[in-house]
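Summary of structural features
Residues per chain, in single letters:
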Amino acid sequence: MVKRFMFLVLISLNLVAQEIPKQESFLYKNCLSCHVEQQIPSELIYRRYLMKYSSDKVIKNRLLKYLKNPQKEESIMPKQFFMKFSQKRPMDLNSTQLEEGVDAYLEFFNMKKKLRLPSS
């Protein structure tokens, strides 16, 4: 029984480890490092954007708009979110870098990659 449990734990850790981007990556350095440090639920934020806007293009535009000028009024997060987490500071990236970061973020949290249909 213990062997089976340890085996399942090892497999689970392996799957989780594959999903976390490397610390050298652009996405980790500029986005996820703060999210991890402050324990901000990145997947929850992505899901809120996905539920509200549903289109990758619209989500990208809204994220870019927010990151260029982060204001509570522009955020889709509820007011209670900002009681727990600090207000985001504007990023010191140019538009191209910001766009690449948002693309990497959307690719990393893309739900379509995680969905698997049973093969027939």
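These notes cover the structure that comes with them.

Scoring rules and cut-offs
Each residue is numbered by its place in its chain's sequence as written, counting from 1. Per-residue local features are limited, in this predicted model, to residues with pLDDT of at least 70; the limit for side-chain atom pairs, both in listing and counting, is 80 or more; totals at the level of whole chains, interfaces and linings are taken over all residues. Based on all heavy atoms of the structure, the side-chain values leave hydrogens and waters out of the count. The way it works is that DSSP assigns letters per residue, a run of H or I at least four long becomes a helix, a run of E at least two long becomes a strand, and they are numbered from the N terminus. Buried means the residue's accessible area, taken with a 1.4 Å probe over protein chains only, is under 20% of the maximum for its type, while exposed means over 50%, and partly exposed covers the values in between. Any pair of residues with heavy atoms lying within 4.5 Å of one another is described as a contacting pair. The working definition used for a salt bridge is a side-chain nitrogen of Lys or Arg within 4 Å of a carboxyl oxygen of Asp or Glu. The span you would expect from a helix comes to 1.5 Å times its residue count less one. Here, the arc refers to the directions that run from the helix axis to the C-beta atoms. Axes, fitted as lines to C-alpha atoms, cover a helix only where it is in contact. Angles between the N-to-C directions of the axes lie from 0 to 180 degrees. Working rule for angles: under 35 degrees goes down as roughly parallel, over 145 as roughly antiparallel, 65 to 115 as roughly perpendicular, anything else as oblique. Gly is placed with the polar residues, together with every amino acid not listed as nonpolar (Ala, Val, Leu, Ile, Met, Phe, Trp, Tyr, Cys and Pro) or charged (Asp, Glu, Lys and Arg). Aromatic contacts are taken between Phe, Tyr and Trp rings whose centres are within 6.5 Å, Trp giving its six-membered ring; a plane angle under 30 degrees counts as stacked, one over 60 as edge-to-face, and the others as tilted.

**Points about the overall build of the chain**
Counting secondary structure elements, the chain contains seven helices and zero strands. Counting from the amino terminus, helix and strand elements in the chain follow one another as α-α-α-α-α-α-α. Counting every position in the chain, which comprises 120 residues, the buried fraction comes to 28%. Sequence separation of 24 or more characterises 61% of the internal contacts of the chain that already satisfy a separation of 6 or more.

**Focus: the pattern of salt bridges**
Applying the stated criterion to the full structure yields five salt bridges. Between Arg 47 and Glu 43 there is a salt bridge, with the nearest N and O atoms lying 3.2 Å from each other. Here Arg 47 and its partner Glu 43 are both found in helix α3 (residues 42–53), four residues apart, which amounts to about one turn of the helix. Its relative accessible area of 40% is what places Arg 47 among the partly exposed residues. Judged by its relative accessible area of 34%, Glu 43 is partly exposed.

**Section: helix α2 (residues 26–37)**
Over its 12 residues, α2 extends 16 Å from the first C-alpha to the last, a length consistent with the 16 Å expected when each residue adds 1.5 Å. The complete set of buried residues in α2 reads Leu 27, Tyr 28, Cys 31, Leu 32 and His 35. In an axial view of α2, the angular spread of the buried residues amounts to 125°, which keeps them on one side of the axis. Pointing more than 90 degrees away from the buried face of α2 are the exposed residues Lys 29 and Glu 37. In this structure, the buried residues of α2 make contact with α3 and α6 (95–108).

**A short note on the environment of Leu 67**
On the secondary structure map, Leu 67 appears in helix α4 (residues 56–68). Sequence-wise, Leu 67 and Asp 92 are 25 residues apart; in three dimensions their C-alpha atoms are separated by 9.9 Å. If near-sequence neighbours (up to four positions away) are discounted, Leu 67 is found in contact with Lys 88, Pro 90, Met 91, Leu 98 and Val 102.

**Comments concerning the packing of α2 against α6**
As a packed pair, α2 and α6 sit with axes 10 Å apart at the nearest point and diverge in direction by 85°. On the basis of the axis angle, α2 is roughly perpendicular to α6. Mapping the contact onto sequence places Phe 26, Leu 27 and Leu 32 in α2 and Gln 97, Glu 100, Gly 101, Ala 104, Tyr 105 and Phe 108 in α6. A breakdown of the residues in the contact of α2 with α6 according to their chemical character gives six nonpolar, two polar and one charged.

**A few points about the packing of aromatic side chains**
Given two aromatic rings, one states the distance between the centres and the angle between the planes to describe the pair. Counted under the stated rule, the structure contains six aromatic pairs. Note on Tyr 46 and Phe 109: the rings are 6.1 Å apart at their centroids and 25° apart in plane angle, and the pair reads as stacked. Here the residue Tyr 46 occupies a position in helix α3, and Phe 109 occupies one in the loop between α6 and α7 (111–114), the gap between them amounting to 63 residues. For the pair Tyr 46 and Phe 109, a shared accessibility class is recorded, and that class is buried. With a centroid separation of 6.0 Å and an interplanar angle of 35°, the aromatic rings of Tyr 49 and Tyr 53 are classed as tilted. With Tyr 49 and Tyr 53 both in helix α3 and four residues apart, this pair spans about one turn of that helix. By way of ring pairs, the aromatic residues Tyr 46, Tyr 105, Phe 108 and Phe 109 are connected into one cluster.

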